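Report on the structure
Residues per chain, in single letters:
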Amino acid sequence: MDLSTLRSLFPTLAQSNDGYPLCYLDTAATSQKPQQVIDAMNHYYHHDNANVHRAAHQLSARATSQYEAVRDKLCKFINANRREEIIFTHGTTESINTVANGLTAQIKQGSLILIDSAAHHANIVPWQQLAKRTGAIIKPIPLTADCRLDTAAFDVLLSEKPAVVALSHVSNALGTVNPVKDLVSKANQVGAITLVDGAQAIAHMGVDVQAIGCDFYVFSGHKMYGPTGIGVLYGRFDILDRLSPLITGGEMIKSVSFEVTEFNVLPNRLEAGTPPIAEVIGLGAAIDFIEALPSEQIHAKEQELLNYLQDELKNMGDVVLYGAHTDNLGAVAFNLADEHHQDVGILLDQQGIAVRCGHHCAMPLMQSLGLKGCCRASIGVYTNKDDIDNFIAAMESVKELLL
Ligand code: PMP
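Residues numbered from 1 in each chain as written. Predicted model: local features only at pLDDT ≥ 70, side-chain atom pairs only at ≥ 80, totals over all residues. Heavy atoms only, no water.

- As annotated in an unreviewed UniProt entry, the protein chain carries the name Cysteine desulfurase and is attributed to Shewanella pealeana.
- Quoted verbatim from the Sequence similarities (unreviewed entry) field of UniProt, the annotation for the protein chain is "Belongs to the class-V pyridoxal-phosphate-dependent aminotransferase family. Csd subfamily."
- One UniProt comment on the protein chain, placed under Cofactor (unreviewed entry), says "pyridoxal 5'-phosphate". (UniProt positions renumbered as here; feature names shortened; annotations may be inferred.)

Structure representation (structure tokens):
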């Protein structure tokens, strides 16, 4: 499959804004969706729409088998040990909340929770709430001056025997990659529960949760060419089975009386209420899409484009890059001299360039960089060299205008 064919599978990309071809460099916020994902969801609504798990009729049986088939697909996709280890949520945020809330009874006053300093708010706030409920203590794992996780400081913090270690796999704000296999292995040695936020990794690399060795791995469908409103919580069976449910009600029970409720077994116990069925089916189509790609070729092409993007920005002068390394994935963070990131974003948008500006839901990281915010350009499988060249040309004109 050549790149132009691949790009043509994404209908949103074939548009112009104010005469400029759309140059979508905001994939880290949400990816565009290939036609087959849109078609799979439409097909469900046109032909198979019914609630899952409940009715005796054929429509429901078809909806249920498609829904459950995606669980099997995900199990293989991330190499989980068994299908019950895959829980459908509405996104990474809900997945982390499910874990942090579900651990409440297991966390004691004074227990230590270590958090990646570059974490997205979704991997900070639920832990803070857990600490508030339990009296646990939160400590951030510092970064080095070049914005990598400080592994020496991590080792020192591990000697304090943390109860939980919450890591990002790839930083959404910077694109830096954590060596999660090594970090998790060290955390496992001191008996910590480990969670890896894979929201920015899952679309850019193969993920093998057993090889990483983490207890929990979480991600969102919409960042991997699937729909919004669907997320995944992977948990190692025995520890997942010990989480108390965040949401209770229908579907997650075995029996209910006014006196007592017996919860269902996994995975249903953690999937209360009617799930996002069409979105699960859309996610299944996104996995099919990813699996049909020549992964090595795609990853190499993405890496080449990201490095080209970093180099072009560096060569422009007057652009400051944050945490830019050749092994980063998917995103580059920058500012144009002292100009406000929002001004730069708006001027780029006037030339059809979509980038993200702000704190990227990583305010503590921005504070440690001494910034209120920055711009972020991020790429996906459909990004090509023209996108980067158009972006750099637009940056040159913004620079001319502002500096
Ligand atoms: N973690 C990371 C690293 C992310 O990039 C995001 C999305 N920006 C989230 C968590 C939250 O994902 P969602 O909004 O899909 O729940």
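Quick word on the side chain of Q200
- Topologically, Q200 is positioned in the loop between β8 (193-197) and α8 (209-212).
- Separated by 2.8 Å, the side chain of Q200 and the backbone oxygen of A28 make a polar contact.
- When residues no more than four places from it in sequence are discounted, the contact partners of Q200 are A28, V170, S171, N172 and K223. (Helix = DSSP H or I, 4+ residues; strand = E, 2+ residues; numbered from the N terminus. Polar contact = N/O pair within 3.5 Å; in protein donor to acceptor, adjacent residues only side chain to side chain. Contact = heavy atoms within 4.5 Å.)

A few points about the site of the ligand
- Close contacts around the ligand come from G91, T92, T93, H120, A122, N172, D197, A199, Q200, S220, H222 and K223, and that covers them all.
- Between the ligand and T92, the relevant distance is 3.3 Å, taken from an oxygen atom to a main-chain nitrogen or oxygen of the residue.
- Here a nitrogen atom of the ligand sits 2.5 Å away from a polar atom, N or O, in the side chain of D197.
- Out of a free accessible area of 400 Å², the ligand has 84% covered by protein chains.
- Residues of the shell around the ligand, tallied by class, amount to 2 nonpolar, 8 polar and 2 charged. (Near = heavy atom within 4 Å. Areas by Shrake-Rupley, 256 points an atom, 1.4 Å probe, with all protein chains shown as cover. Nonpolar A, V, L, I, M, F, W, Y, C, P; charged D, E, K, R; others polar.)

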